[in-house]
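What follows is each chain in one-letter form.
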Amino acid sequence: MTTANKDLVQRALGELIGTGDVEAFGAFLSDDFVHHRPDATTSTKNEWLANVRAALVPLAGMQVEIQHVLADGDHVVMYSRRRLPGGGPEVAIVDILRVDGGLIAEAWEIIEPVARAAANLSWWEPGAN
């Protein structure tokens, strides 16, 4: 099942990145799909697809380099680096997806601008607190 889940996620994200077809991507999501953000905000399938649709316009031409795709049971983790168009910043993204019944049921996404990564580790330095 792990390999099938990994393949499903790669096909779904490949469809979205390769074609920008949000409707085709939506077919890979379960009807009760939930997208979670680190700030505890969640979105339903329709809300999240609307956000993806709106984001694709300014992100057209974004370069995506998938560095790792790991799967364990019903979870798939993908680490990618993306260069935003028009000289925008490079961002590192970790997507965690849970697959259920052959569809993506949940997703978590962490996005960090690469240029700010070192600054975001200041809490880790001894005496920083």
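Residues numbered from 1 in each chain as written. Predicted model: local features only at pLDDT ≥ 70, side-chain atom pairs only at ≥ 80, totals over all residues. Heavy atoms only, no water.

Quick look at the pattern of salt bridges
As enumerated under the stated definition, the model contains 7 salt bridges in all. We note a salt bridge from Arg37 to Asp39, for which the minimum N-O separation is 2.3 Å. Salt-bridge contacts for Glu90 lead to Arg83; the nearest nitrogen and oxygen are separated by 3.4 Å. In this structure Arg83 comes out as partly exposed when scored by relative accessible area, which is 44%. Put simply, Arg81, Arg83 and Glu90 are held in one network by salt bridges that share partners. (Salt bridge = Lys/Arg side-chain N within 4 Å of Asp/Glu carboxyl O. Buried < 20%, exposed > 50% of the residue type's maximum accessible area, 1.4 Å probe, protein only.)

Some details on the confidence of the model for the chain
Taken residue by residue, the chain gives an average pLDDT of 86. The fraction at 70 or more is 93%. No element of the chain has a lower mean pLDDT than helix α3 (residues 45-59), which averages 84, and none a higher one than strand β1 (residues 29-36), which averages 96. (pLDDT = per-residue confidence, 0-100. Helix = DSSP H or I, 4+ residues; strand = E, 2+ residues; numbered from the N terminus.)

Some words on the packing of aromatic side chains
Considering all chains together, one arrives at 2 aromatic pairs under this definition. Relative to Trp48, the ring of Phe25 lies with its centre 5.8 Å away and its plane at 55°, an arrangement referred to as tilted. Of this pair, Phe25 sits in helix α2 (residues 22-26) while Trp48 is found in helix α3, placing the two residues 23 residues apart along the sequence. In this structure Trp48 comes out as buried when scored by relative accessible area, which is 13%. Members of the aromatic cluster, each reached through a chain of ring pairs, are Phe25, Phe33 and Trp48. (Phe/Tyr/Trp six-rings, centres within 6.5 Å; stacked < 30°, edge-to-face > 60°.)

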